[in-house]
Amino acid sequence: MSANQFIIIRDDLPIDPVTIITEGLLIGRLGKCELLLNHPSVSRVQAGIKQIEDDYYLFALRPKNPVILNGKPVEENEALAAGDIIEVGPFHLQIDSADGALVIRVELRIGMKPSEIDVSDPGLSTDNLVAPTEGKAKKPRAAPIASNKALDIFWDKRIRDAGKMARPSPLYPKSGRRSGKAQFNWVPTSDLMSRWPVAFFTWAVVVVGLISVAAAYWYTSAFSPAPISKAHAATQFNISPAIATTPNGGSCTSCHAFTGNMEQRCASCHHTDAFVATVIKPHEASGIGCVDCHAEHQGAEFSATQGALASCTACHNDSNQKLFNGRKVGTPHGGTFGYPVVNGEWSAKSINDEEWDLRKLAVVRLPTDSDQKWRNNQFHALHDQRVRLAPGMKGNAEGRLSCSSCHNSLNPIDRETPRTTCTACHVKDAKPNCTSCHVQHILDKRRWSASML
């Protein structure tokens, strides 16, 4: 028989064996491969087989998706011998030889829809195939061939030619092809169908998309649930020193963008030498961010500061059933405003260490101070050194609170009156001012100036 002769037996398809004579047998999913294996896990051109001298060699043409020979991936090339098993995706190729021809028996090891190939010689019979090892010693396997430029050029040309022959075209049916002579009964493809409905809807989507994008920039108020505050609509700063890097000027995309989240954009804009937007640790642990307290789109006259103050009591009350990271909040201080003593115990959530250092108060914690003693000292040092007198209250000569401002007697000490006097400073127009003690943005340098006493 001639050299480079292959006998393909397809056990996976209801077709007769076919004999192929070619300088190099291509194996892959491409329609013009001599051995077509139609499965998504198979590369377009995955491997090739070529006879060199007296032996047939298997060449791996796709290193990233190698073929498996006898359980081992083929990196470059390997000689083939009778009894070898080649695995290509779900296909098993059993190798045999007969009169100098290489016999390849194809089996499919998983259930799938069979691919269909061209059959050039459906009348070939394999009844008289004779195994090459009958009556003689088995030929030893040849060593792999060293890579050389001539072989690389040969396979590149074969792959290129196969790709050109199978170039996609609307006139080339890609599915439903029949085997044997019946394949000449050509089936019309979608190129004969009217495509105007697809084009119509495609252009409609494009036009609507362009109009939406234009409206987002030119008519921002149409998408806004309500006007934004003057602070975000202004084109120049009204507060000195500034608390933002640049004036917003009514821009929507400063807060709303396709990348990142609003919390990050708030923090990056409100980061100046005088002000840094920070969130206290209890709020951070509860998942509370900037927009939870400073809600926008409340109208031009809306004040973010007043909105934040009102949001404190909206969350911190016993009637709020909402959970924050699985935890519930209630009315603070046992129902009082400003006096953090409940059942004779000082609250543990008054002031964190970083905030206390920024207040620069003349009191330090001694090694012998218990937690309750230290919280008591913090509370009294804060009011004695940092709080100005409210109208109608008595205090020291410097105009600050003193012990007698809240306690009617010190021996015995009056512990009931302080609960009623807190409202003189901490409540205005029947609304509590929580941030007079609980500072949210502790890195706001303006909070610690003498004018803020």
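Our structure's up above, just so we're on the same page.
Residues numbered from 1 in each chain as written. Predicted model: local features only at pLDDT ≥ 70, side-chain atom pairs only at ≥ 80, totals over all residues. Heavy atoms only, no water.

Asker: Explain the overall build of the protein to me, and be specific about the residues and the numbers.
Answerer: A count of helices and strands for the protein gives twelve helices and 18 strands. Here the analysis covers contacts within the protein between residues at least 6 apart in sequence; of these, 50% occur between residues at least 24 apart. Summed over its atoms, the accessible surface of the protein is roughly 28500 Å², and 57% of this surface lies on carbon and sulfur atoms. (Helix = DSSP H or I, 4+ residues; strand = E, 2+ residues; numbered from the N terminus. Contact = heavy atoms within 4.5 Å. Areas by Shrake-Rupley, 256 points an atom, 1.4 Å probe, with all protein chains shown as cover.)

Asker: Explain the environment of Pro-90 to me, and be specific about the residues and the numbers.
Answerer: Note that Pro-90 resides in the loop between strand 10 (85–88) and strand 11 (91–98). The sequence separation of Pro-90 and His-39 amounts to 51 residues, and the corresponding C-alpha distance is 7.9 Å.

Asker: Describe the sheet that holds strand 11, and please don't skip the residues or the numbers.
Answerer: The sheet built from seven strands is open, its strands ordered 2-1-12-11-10-7-8 with mixed pairing. Across the chains shown, the open sheet's two edge strands, defined by having one partner strand only, are strand 2 (18–21) and strand 8 (72–73). As defined by bridge partners, strand 7 (residues 68–69) adjoins strand 8 across two bridges and the pair is classed as antiparallel. Bridge pairing links Leu-69 to Lys-72 in strand 8. (Pairing = 2+ DSSP bridges.)

Asker: An account of the environment of Gly-250 is needed here, citing residue identities and associated values.
Answerer: With respect to the helices, strands and loops of the structure, Gly-250 is situated in the loop between helix 3 (230–233) and helix 4 (262–269). Residue Gly-250 is classed as partly exposed on the basis of its relative accessible area of 27%. Along the sequence, Gly-250 and Pro-227 sit 23 residues apart, while their C-alpha atoms lie 9.4 Å from each other. With residues up to four places along the chain from it excluded, the contact list for Gly-250 reads Ile-228, His-232 and Ala-233. (Buried < 20%, exposed > 50% of the residue type's maximum accessible area, 1.4 Å probe, protein only.)

Asker: Quick one: what's the story with the pairing of strand 5 (residues 47–52), residue by residue and with numbers?
Answerer: Counting buried residues in strand 5 gives five out of six residues, a clear majority hidden from the surface. Note: strand 3 (residues 25–28) against strand 5, three bridges, orientation antiparallel. By the bridge assignment for strand 5, Ile-27 is matched with Ala-47. Adjacent in sequence and paired antiparallel, strand 5 and strand 6 (residues 55–60) are bridged by two residues, among which Glu-53 carries a positive phi angle near 60 degrees.

Asker: Describe the packing of aromatic side chains, and please don't skip the residues or the numbers.
Answerer: Inspection of the entire model under this criterion finds four aromatic pairs. Between Phe-59 and Trp-155 the ring centres are 5.4 Å apart and the planes differ by 50 degrees, which places this aromatic pair in the tilted class. Of the two residues, Phe-59 is situated in strand 6 and Trp-155 in helix 1 (residues 149–165); the sequence distance between them amounts to 96 residues. For Trp-155, a relative accessible area of 4% corresponds to the buried category. Through pairs of rings, three or more aromatic residues link up here, namely Phe-59, Phe-154 and Trp-155. (Phe/Tyr/Trp six-rings, centres within 6.5 Å; stacked < 30°, edge-to-face > 60°.)

Asker: Can you tell me about the pattern of salt bridges, naming the residues and giving the values?
Answerer: Within the structure shown, the criterion is met by five salt bridges. We note a salt bridge from Arg-10 to Asp-12, for which the minimum N-O separation is 2.9 Å. Linking Arg-105 and Asp-11 is a salt bridge whose minimum nitrogen-to-oxygen distance equals 3.2 Å. Remark: Asp-11 occurs in the loop between strand 1 (5–10) and strand 2 and Arg-105 occurs in strand 12 (residues 101–108); sequence separation between them is 94 residues. Assessed through its relative accessible area of 30%, Arg-105 is described here as partly exposed. (Salt bridge = Lys/Arg side-chain N within 4 Å of Asp/Glu carboxyl O.)

Asker: So what about helix 7 (residues 304–315)? Which residues, and what values?
Answerer: When the terminal C-alpha atoms of helix 7 are compared, their 17 Å separation across twelve residues agrees well with the 16 Å that a helix rising 1.5 Å per residue should span. All buried positions along helix 7 are accounted for by Gly-307, Ala-308, Leu-309, Ser-311 and Cys-312. Contacts from the buried residues of helix 7 go to helix 6 (290–293). (Expected span 1.5 Å × (residues − 1).)

Asker: Just give me the short version of a negative patch on the surface, but keep the residues and values in it.
Answerer: There is a patch of like negative charges on the surface, built from Glu-75, Glu-76, Glu-78, Asp-152 and Asp-156. Here Glu-75 lies in the loop between strand 8 and strand 9 (77–79). (Patch = residues over 30% accessible without salt bridge, like charges linked within 9 Å, V, L, I, M, F, W, Y side chains within 5 Å. Lys, Arg positive; Asp, Glu negative; His and termini not counted. Charge placed at Lys NZ, Arg CZ, Asp CG, Glu CD.)

Asker: Provide a residue-level description of the nonpolar core, including the pertinent values.
Answerer: The tendency in soluble globular proteins is for nonpolar side chains to be buried as a group. In this structure, Ile-49 and Ile-104 are the most contacted members of the largest nonpolar core, which totals 26 residues. Broken down by secondary-structure element, the contributors of at least two residues to this core are strand 1, strand 2, strand 3, strand 5, strand 6, strand 10, strand 11 and strand 12. Those residues within four positions of Ile-49 in sequence are excluded, and the remaining contacts are Phe-6, Gly-24, Leu-25, Ile-27, Tyr-56, Tyr-57, Leu-58, Leu-80, Leu-102, Ile-104 and Trp-155. In terms of nonpolar packing, the next biggest core, distinct from the first, is built from 14 residues, Cys-33, Val-45, Ile-145 and Leu-151 among them. (Core = buried A, V, L, I, M, F, W, Y, C linked by side-chain atoms within 4.5 Å.)

Asker: How would you sum up the side chain of Asp-12? Please name residues and give values.
Answerer: Note on placement: Asp-12 falls in the loop between strand 1 and strand 2. Residue classification places Asp-12 among the buried residues on the basis of a relative accessible area of 15%. Here Arg-10 takes part through its side chain, which lies 2.9 Å from a polar atom of the side chain of Asp-12. (Polar contact = N/O pair within 3.5 Å; in protein donor to acceptor, adjacent residues only side chain to side chain.)

Such coordinate-based values are descriptive only and should not be taken to indicate function.
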